[in-house]
Amino acid sequence: MRFRAQPRAAPALTRACTATLAARAPLAATAAQSISMRSVGTVTDDAVVAIGVHCTALRSLDIANCPRIGDDGLISIAFSCEQLVSLDAQGCECVSDTSIIELCYGCPQLRQLNVQWCPLVTDDSLEVIAELCPELEGLWLSGTDGGITDWGIAEIARQCHKLRTLCIRDCSTLTDSTACRIAMSCKLLAHLDVQGCVKISDAPIIFAAMHCPRLRVVNIEGCWRVSGQMVHAARSTNPELLIVAGQSDLRGAVASGDQQVLDEADIRHDKEYDYPV
């Protein structure tokens, strides 16, 4: 049985929050549906707690790269903003499983979740996301310092069948078996990013091309076990598929007989293609 955290009492609004959320237009603040504080390094949990109290109709919150925001602020959002559909907490190093799990309980409509570079987010969060957020469409998990493993991603694949974008860069434990399960279960995938997942080989990429008809972009940079023949097989199945790879990833790993295949394939290198996030 999970014991839910309790929200912190709302602090007095800071001057900035008072000016933007309450003092100038209290009704508008209450009805605010989208708030971005991206890369505002001075913002703290107090501001996010205040948003939770005053903006109960909130649907989108962007706090990416706000290192002073942690669990207290997001727990307030979880208890007050049940209509939230999108959270970008990329780079919030103080955000942990505690608040992400609360968001899953409190925000059942969640569709987009970005917790890249949140090292305190682990498989515990993925287990609850999989259980309580079956409508999830976008999930970004890179740079979690080993807290996210093959097991957690398998849970996501098992229950989040509406995913359209999945970014799981640098997950060194991700296996072909789980990656194939993603391809088999998440048939709406349009963007798949497995950059730096060094155990990945040809099979899951070919599976994704076969079973995900909407798939348009796959990032395999750093996946040195993937061969040039995979590119040919995947694009024969899905001609619109764009493969994103580093300058030497495929060419350095394939047999010489694959060189013509690579020359003819639609391969873009990381500096030539801005992978959507």
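Residues numbered from 1 in each chain as written. Predicted model: local features only at pLDDT ≥ 70, side-chain atom pairs only at ≥ 80, totals over all residues. Heavy atoms only, no water.

Participant: It is not clear to me how the overall build of the protein chain should be interpreted in this structure. Could you clarify?
Facilitator: When you go through the protein chain residue by residue, the secondary structure sums to 11 helices and 10 strands. Per-residue burial over the protein chain gives 51% buried out of 277 residues. When contacts within the protein chain are restricted to residue pairs at least 6 apart in sequence, those whose partners lie at least 24 apart make up 80%. Surface exposure of the protein chain reaches about 12,100 Å², of which carbon and sulfur atoms provide 51%. (Helix = DSSP H or I, 4+ residues; strand = E, 2+ residues; numbered from the N terminus. Buried < 20%, exposed > 50% of the residue type's maximum accessible area, 1.4 Å probe, protein only. Contact = heavy atoms within 4.5 Å. Areas by Shrake-Rupley, 256 points an atom, 1.4 Å probe, with all protein chains shown as cover.)

Participant: When you look at the confidence of the model for the protein chain in this model, what are you seeing that I'm missing?
Facilitator: Regions with low pLDDT should not have their predicted coordinates read in detail. Taken over all residues, the pLDDT of the protein chain has a mean of 84, while the share at 70 or more is 78%. Scored below 50 in pLDDT, residues 251-265 makes 23 contacts in the model with residues more than four places away or belonging to other chains. Note that residues 269-277 has pLDDT below 50 and, in this model, 22 contacts with residues that lie over four places away or in other chains. (pLDDT = per-residue confidence, 0-100.)

Participant: How should I be thinking about the packing of helix α5 (residues 97-106) against helix α6 (residues 123-132) in this particular structure?
Facilitator: A pair of packed helices is captured by two measures, namely the crossing angle of their axes and the spacing between those axes. Interaxial distance between α5 and α6 falls to 9 Å at its minimum, and their mutual angle equals 5 degrees. The angle between the axes of α5 and α6 places the two elements in the roughly parallel class. On α6, the residues touching D97, I100, I101, C104 and Y105 of α5 are D124, S125, V128, I129 and L132. For the contact of α5 with α6, the class distribution of residues is 7 nonpolar, 1 polar and 2 charged. (Axes fitted to C-alpha atoms, helices over the stretch in contact; angles between N-to-C directions. Parallel < 35°, antiparallel > 145°, perpendicular 65-115°, else oblique. Nonpolar A, V, L, I, M, F, W, Y, C, P; charged D, E, K, R; others polar.)

Participant: I keep staring at unusual backbone geometry and nothing clicks. Help me out?
Facilitator: It is generally the case that most residues other than glycine have a negative phi and that most peptide bonds are trans. Although it is not a glycine, N65 adopts a positive phi angle of roughly 60 degrees. Along the chain, N65 falls in the loop between β2 (60-62) and α4 (71-80). For N65, a relative accessible area of 31% gives the class partly exposed.

Participant: Would you explain helix α10 (residues 228-237) in this entry?
Facilitator: Since the α-helix advances by 3.6 residues per turn, residues separated by three or four positions end up pointing in the same direction. All buried positions along α10 are accounted for by G228, M230, V231 and A234. Buried residues of α10, viewed axially, fall in a sector of 145 degrees; they line one side. Sitting at the head of α10, S227 places a side-chain oxygen 3.3 Å from the backbone nitrogen of Q229. (Arc of directions from axis to C-beta. Polar contact = N/O pair within 3.5 Å; in protein donor to acceptor, adjacent residues only side chain to side chain.)

Participant: Please clarify how the side chain of D45 should be interpreted in this entry.
Facilitator: Residue position: D45 is located in helix α3 (residues 45-54). By relative accessible area, which is 12% here, D45 ends up buried. At a separation of 3.1 Å, a polar atom in the side chain of D45 contacts the main-chain amide nitrogen of G73.

Participant: Explain the pattern of salt bridges here, please?
Facilitator: Pairs can form between side chains of opposite charge once their charged atoms are near each other. Applying the stated criterion to the full structure yields 6 salt bridges. Taking the shortest distance from any N to any O, the salt bridge between D88 and R38 comes out at 2.5 Å. Note that D88 is positioned in strand β3 (residues 86-88) and R38 in the loop between β1 (34-36) and α3, a separation of 50 residues in sequence. Close ionic contact of R169 with D193 constitutes a salt bridge, the shortest N to O distance being 2.5 Å. Taken as a pair, R169 in the loop between β6 (165-167) and α8 (176-185) and D193 in strand β7 (residues 191-193) lie far apart in primary sequence, 24 residues in all. (Salt bridge = Lys/Arg side-chain N within 4 Å of Asp/Glu carboxyl O.)

Participant: I'm lost on the pairing of strand β9 (residues 242-245) in this one. Help?
Facilitator: On a regular strand, one side chain projects to one face of the sheet and the next to the other, so that they alternate. The alternating pattern of β9 places L242 and V244 on one face and I243 and A245 on the opposite face, and all of these are buried. With 3 bridges connecting them, strand β8 (residues 217-219) and β9 associate as parallel partners. Residue pairing for β9: N219 is matched across the bridge by V244. Crossover connection from β8 via α10 to parallel β9: handedness right-handed. (Pairing = 2+ DSSP bridges. Right-handed = clockwise from strand over helix to strand, strands pointing away.)

Participant: Is there a simple way to think about the environment of A190 in this case?
Facilitator: Looking at where A190 falls in the secondary structure, it is placed in the loop between α8 and β7. In this structure the C-alpha to C-alpha distance between A190 and L241, which are 51 residues apart in sequence, comes to 9.4 Å. What A190 contacts, discounting residues up to four positions off in sequence, is R164, R214, L215, R216 and V217.

Participant: It is not clear to me how the environment of I220 should be interpreted in this structure. Could you clarify?
Facilitator: Tracing the backbone shows I220 in the loop between β8 and α10. Judged by relative accessible area, which is 0%, I220 ranks as buried. Along the sequence, I220 and G246 sit 26 residues apart, while their C-alpha atoms lie 8.0 Å from each other.

Participant: What am I meant to see in helix α9 (residues 202-211) here?
Facilitator: Of all the residues in α9, the buried ones are P204, I205, A208 and A209. Considered in projection along α9, the buried side chains sweep an arc of 140 degrees and stay on one side of the axis. Residues of α9 that are buried in the fold lie against α8, β8 and α10.

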